[in-house]
There are 2 protein chains.
Amino acid sequence: MTTNPTWILKRHSSGMPIPDDFSFEENAVPTPRTGELLVRTLWLSVDPYMRGRLSPAKNYAAGAKIGDIMRGGGVGEVMASESSLFNVGDIVQADDFGWQPYTVVAADTALRLDPAAAPVQTSLGCLGMPGLTAYFSLLNVGRPKQGETVLISAASGAVGQIAGQIARIKGLDVVAVAGSDQKVEWCKTIGYRTGINHRTVENITEAVAAACPNGVDVYLDNTAGPIHDAAMMNINLFGRVVIVGTVALADRFDEPDIGPRHLRRILVSRVRVEGFLLDDFESDYVSARSQLLEWYREGALTAREDISHGIESTPHAFIRMLKGENFGKQLVKV
Amino acid sequence: MTTNPTWILKRHSSGMPIPDDFSFEENAVPTPRTGELLVRTLWLSVDPYMRGRLSPAKNYAAGAKIGDIMRGGGVGEVMASESSLFNVGDIVQADDFGWQPYTVVAADTALRLDPAAAPVQTSLGCLGMPGLTAYFSLLNVGRPKQGETVLISAASGAVGQIAGQIARIKGLDVVAVAGSDQKVEWCKTIGYRTGINHRTVENITEAVAAACPNGVDVYLDNTAGPIHDAAMMNINLFGRVVIVGTVALADRFDEPDIGPRHLRRILVSRVRVEGFLLDDFESDYVSARSQLLEWYREGALTAREDISHGIESTPHAFIRMLKGENFGKQLVKV
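Residues numbered from 1 in each chain as written. Chains lettered and ligands numbered in written order. Predicted model: local features only at pLDDT ≥ 70, side-chain atom pairs only at ≥ 80, totals over all residues. Heavy atoms only, no water.

Asker: Can you lay out the overall build of chain A for me, pointing to particular residues and giving the numbers?
Answerer: Looking only at helices and strands, chain A features 9 helices and 16 strands. Expressed along its principal axes, the backbone C-alpha trace of chain A runs to roughly 60 × 45 × 35 Å. Looking at the 334 residues of chain A, the share that counts as buried comes to 60%. Across chain A, the fraction of contacts at a sequence separation of at least 24, relative to all contacts at a separation of at least 6, is 68%. When the accessible surface of chain A is split by element, carbon and sulfur atoms take 51% of a total near 13,200 Å². A distance of 4 Å separates the average location of the 32 positive side-chain charges in chain A from that of its 38 negative side-chain charges. (Helix = DSSP H or I, 4+ residues; strand = E, 2+ residues; numbered from the N terminus. Buried < 20%, exposed > 50% of the residue type's maximum accessible area, 1.4 Å probe, protein only. Contact = heavy atoms within 4.5 Å. Areas by Shrake-Rupley, 256 points an atom, 1.4 Å probe, with all protein chains shown as cover. Lys, Arg positive; Asp, Glu negative; His and termini not counted. Charge placed at Lys NZ, Arg CZ, Asp CG, Glu CD.)

Dropping the structure here:
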C-alpha cells in the first residue's frame, strides 16, 4: 500500500483523445474521511460518456479539469471503512473510482456486491450502468411493440449487446450494426436476426433497407453519424429514435456536426427522436437490476467482455473503446 | 353556371413553386354522383402542406399528378345534393375543394357550417385545420407545463397565431418568431410576450437567448431552417420540439437539408423532437373544435386573415404564403 500510480488529465481533448492527454503520476494512497471507504481497485470501466468529461464544453458528465484524477465506474474491495454501511473485505461498486489502484469512494454512492450472485465485474456491464441503459432506453423510451423491428448501433458494445438480447427476449425482430464481420457474426449468436458491418458496407442506407425489409420501428442510436442517417432514411411511420450515445462524434466532439437533417421525414412519418440519460430512471434501478440478474442467471443474458490488464492500460482501453476497437464491454482488470 | 375556370398542375416544383407551374383552364361544371355535392366555392384555403403535393417525392399529402385539378380546403354553398346529409343552400367546409368556382365534394367528407356561430371562413383557419393543428401540436405533443416558455415560429401565420393565443390562455410565457417588425408587433397584441424578426436580426441564436432568458421549454416549429437551429441552441433540459411544418424548406423541398445536427444536445438535455400530423388526432376533433369556438366567441381567440380576391389569384396567394409574404391566415375569397 505504498504506491498508487494514478492517471491525471493533462489536457482537454478537442478531437479523438490520445494517450498524451493523460499523465501517469505517483499519488499518495488516500485516507478516507467520515462516510468514505478506502477501496482497492479490482476493475475499472471505461465508457463513451467519459468523452464528454474531457471536453471543456457543457455536458451532463461534469467536466474534468486539468490536473484532476480521471474517474469512472469501478469495482473494488474495501480496505478501510469510515462508514457503518460497509465492512473491510466487502466488494463494492461505485461510479467514481479514480483511475488508480487505491481510491476513496463515498459510502452512500457505493453498492455492495454479492460475488456468489454473478462475477463482480458484471456490475460494470450487463448488470450495471450499460445494462440498465439498454433496459430503460429500449423499453421505456423506445417502447417497442410486438412484431416491430429494432435496429441497434454499436450492437456488440456494452449497451448494444444487452439491448439486443432484451429485444430478443421480448420477441422483437432485432438487427445489429457493428464495426467488424466478427462482431456481426457474434451478434447473431446472441439473438440479432442479422447485422451490418458499417465499416465495409458500400451503402449503409441500402444495407439497412435490405436488413430491415419491414423498415425500422425503433432505432437505438449509440453512435450518431452516418448510421443515424441510414436509420432515419429507413424509419417507419411513428418510429422512435433513442439517442443513447454519439461515439461516432468522439473525434470531433466540440465541433458542429454538419450533415443531412431529417426534419421533413420526422414530420411526414411522425417520428419521435428522444435523448436518453440513465439518471432519469434511478427510481426504477432496483427492479430493473433484479430483472437483468434473473435473465443473467437463467442464461438468457450473455455478457461479452473485452479486458485490458493493469492500471497502466486504462487510457489505452478508453481510447480503443472510443474508436470501436473493443469487442464487448471494455473493462480494465487492475 | 356555364364557366368554371380551374387551376391545373402543369408541372412539379423542385424549388419554390412559380405561377407558371399552374395553368388556368376552362373546365365543365362537374355533375355530382350519388353521395356527392355540387358546391359553389366561397373561400379557398392555401396552406404549407400543399407544397408537398407538388413534389414527386413521397409525402403525407398525396402527390398531385400533372394535369390534376389543384385541390385544398374550401368553404362553399351546396348547389345540388346527391346525398341525404345535405340540402341545397347549406354552407359546407371540406378538405378537397378544387381550385375552381364550382366543385364536387364527397358528402361524407363535408362539414355543415352554422354561419350564425362564426364567419364561415374561420372553418379554414382558427376553427379549422390550422386551429386544430395549433391546439393538438401545442397541448398534446408539446405538453407545456405551468411557467414554461413556448417559442413559436411563423408566429403570426395560420397555425402560429392560434398556438400563441392558446399558450397565452394557458398562462404560458410565449415568444414569437416572425418575418417582419409589423408581424412581431401584432403578435404582442395577441399575447406573445415578445418577438423576434428573423429576417432582420443579426444573430438569431442570440436573439432567442435574449428573448427567452429562462431558455425554451417547448418549440413549436412551423418552419425548420435557421430558426430551428436557434431554438435547438436554446432548448432546455427535457425540452420538446414539435415539428409542425418546414415552410423554410419550401424552395428546396426535395434536396437534402444540410446543416448542423443537434444530436449531442438532444442527448445531453434529453430533448424530445417529434413530428406532428393533425390526422392522428381525428378522434378528438369535436371536443377541440368546441373549445376553440368557445374561446373565439368569448373573444379570447382573435383570427387575423390575409385575403386574396378571385379564383384567378389562387396560385399567387399560395406562393406568397410559402414565401411568408402573407400576414395572417391566407385565404382566397372566390
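So, next bit.
Asker: Outline a negative patch on the surface, listing residues and values.
Answerer: Residue and element names in this part refer to chain A. Together, Asp95, Asp96, Asp279 and Glu282 line one region of the surface with negative charge. Residue placement: Asp96 occurs in strand β5 (residues 91-98). For Asp96, a relative accessible area of 31% translates into the label partly exposed. (Patch = residues over 30% accessible without salt bridge, like charges linked within 9 Å, V, L, I, M, F, W, Y side chains within 5 Å. Salt bridge = Lys/Arg side-chain N within 4 Å of Asp/Glu carboxyl O.)

Asker: An account of empty space enclosed by the protein is needed here, citing residue identities and associated values.
Answerer: Think of a ball as big as a water molecule: rolled over the atoms, this probe shows where empty space is left. Tallied over the full model, the rule gives 3 cavities of 30 Å³ or more. Roughly 200 Å³ of volume is contained in the largest cavity. If you trace the largest cavity, you find 17 residues lining it, with His262, Leu263 and Ile266 of chain A together with Leu263 and Ile266 of chain B closest to the centre. Contributions of two or more residues to the lining of the largest cavity are made by α6 (225-233), β13 (257-261) and α7 (263-268) of chain A together with α6 (225-233), β13 (257-261) and α7 (263-268) of chain B. Considering every element that reaches the lining of the largest cavity, the biggest residue donor is α6 of chain A, with 3 residues. Its residues assigned to classes, the lining of the largest cavity comprises 10 nonpolar, 4 polar and 3 charged. Lining the second largest cavity are Gln121, Thr122, Gly125, Cys126, Ala158, Gln161, Ile162, Ala303, Arg304, Glu305, Lys329 and Leu331 of chain B. The element best represented in the lining of the second largest cavity is helix α3 (residues 158-169) of chain B, accounting for 3 residues. When its residues are assigned to classes, the lining of the second largest cavity shows 5 nonpolar, 4 polar and 3 charged. Per-domain counts for the lining of the second largest cavity show at least three residues from each of domain 1 (6-122 + 305-333) and domain 2 (129-279) of chain B. (1 Å grid on protein atoms, 1.4 Å probe; cavity = no way out; pocket = protein on both sides within 12 Å on 5 of 7 lines; lining within 4 Å. Points joined across faces, edges and corners; volume = space filled by probe spheres on them. Nonpolar A, V, L, I, M, F, W, Y, C, P; charged D, E, K, R; others polar. Domains from an automatic or database assignment.)

Asker: Explain helix α9 (residues 314-322) of chain A to me, using residue names and the numbers behind them.
Answerer: Within an α-helix, residues lying three or four positions from one another point in the same direction, as the helix has 3.6 residues per turn. In terms of burial, α9 of chain A is a largely internal element, 8 of the 9 residues being buried. All of the buried residues along α9 of chain A are Thr314, Pro315, Ala317, Phe318, Ile319, Arg320, Met321 and Leu322 of chain A.

Asker: How would you explain the relation of the copies chain B and chain A if you had to name every residue and give the values?
Answerer: When chain B is brought onto chain A, the operation consists of a screw motion whose angular component is 180° and whose axial shift is 0.0 Å, with 0.0 Å RMSD remaining. Taken together, these values place the two copies in the relation of a two-fold axis. (Least-squares fit on C-alpha atoms with pLDDT ≥ 70 in both.)

Asker: Now, about the packing of helix α2 (residues 129-142) of chain B against α3 of chain B: what can you tell me, with residues and values included?
Answerer: All names here are of chain B. Where α2 meets α3, the closest approach of the two axes is 8 Å, and the angle between their N-to-C directions is 50°. In terms of orientation, α2 lies oblique with respect to α3. Crossing angle aside, the handedness with which α2 passes α3 is right-handed. Packed against α2, whose contacting residues are Pro130, Gly131, Thr133, Ala134, Tyr135, Leu138 and Leu139, the element α3 presents Ala158, Val159, Ile162, Ala163, Ile166 and Ala167 at the interface. A breakdown of the residues in the contact of α2 with α3 according to their chemical character gives 11 nonpolar, 2 polar and no charged. (Axes fitted to C-alpha atoms, helices over the stretch in contact; angles between N-to-C directions. Parallel < 35°, antiparallel > 145°, perpendicular 65-115°, else oblique. Left-handed = near helix turned anticlockwise from the far one by under 90°.)

Asker: Describe the environment of Asp280 of chain B, with residues and values.
Answerer: Considering the arrangement of structural elements, one finds Asp280 of chain B in the loop between β14 (272-275) and α8 (285-298). With relative accessibility at 32%, the residue Asp280 of chain B sits in the partly exposed group. A C-alpha to C-alpha distance of 18 Å links Asp280 of chain B and Met50 of chain B, two positions 230 residues apart in sequence. Apart from the residues within four sequence positions on either side, Asp280 of chain B is in contact with Phe238 and Arg270 of chain A.

Asker: Describe in detail the pattern of salt bridges, supporting the description with residues and values.
Answerer: Overall, the coordinates contain 32 salt bridges over all chains when judged by the stated rule. Between Asp21 of chain A and Arg11 of chain A there is a salt bridge whose closest N-O contact spans 2.7 Å. Taken together, the positions of Asp21 of chain A in the loop between β1 (6-9) and β2 (22-25) and Arg11 of chain A in the loop between β1 and β2 put the pair 10 residues apart, joining distant regions of the chain. In this structure, Arg193 of chain A and Asp173 of chain A form a salt bridge, with 2.4 Å as the shortest nitrogen-oxygen distance. Taken together, the residues Arg193 of chain A in the loop between α4 (181-189) and β10 (194-197) and Asp173 of chain A in strand β9 (residues 173-178) connect sequence positions 20 residues apart. Counted as one network, the salt bridges with shared partners bring together Asp229, Asp251, Arg252 and Asp257 of chain A together with Arg261 of chain B.

Asker: Any chance you could break down the interface of chain B and chain A for me, citing the residues and the numbers?
Answerer: A common way to state how big an interface is: give the accessible area lost once the parts meet. Each partner contributes residues to the interface: chain B has 34 residues there, and chain A has 34 residues. Buried surface at the junction of chain B and chain A, both sides included, amounts to about 3,100 Å², of which 60% is carbon and sulfur. Contact with chain A buries area across many residues of chain B, yet Arg261, Leu263 and Arg264 of chain B alone supply 25% of it, more than any other trio. Across the chain B-chain A interface, the total number found is 6 salt bridges. A salt bridge links Arg261 of chain A to Asp229 of chain B, with the nearest nitrogen and oxygen atoms 2.9 Å apart. Taken together, the connections running from chain B to chain A amount to 14 residue pairs in polar contact (both at pLDDT 80 or more). A class-by-class count of the residues in the side of chain B that touches chain A yields 17 nonpolar, 8 polar and 9 charged. (Buried area = accessible area lost by both parts, 1.4 Å probe. Polar contact = N/O pair within 3.5 Å; in protein donor to acceptor, adjacent residues only side chain to side chain.)

Asker: Tell me about the environment of Glu148 of chain A, residues and numbers included.
Answerer: Residue and element names in this part refer to chain A. Structurally, Glu148 is set in the loop between α2 (129-142) and β8 (149-153). Separated by 33 residues in sequence, Glu148 and Asp181 have C-alpha atoms that sit 25 Å apart. In this structure Glu148 touches Arg143, Leu172, Asp173, Asp217, Val218 and Arg240, once residues within four positions along its chain are discounted. Separated by 2.9 Å, the side chains of Glu148 and Arg240 make a polar contact.

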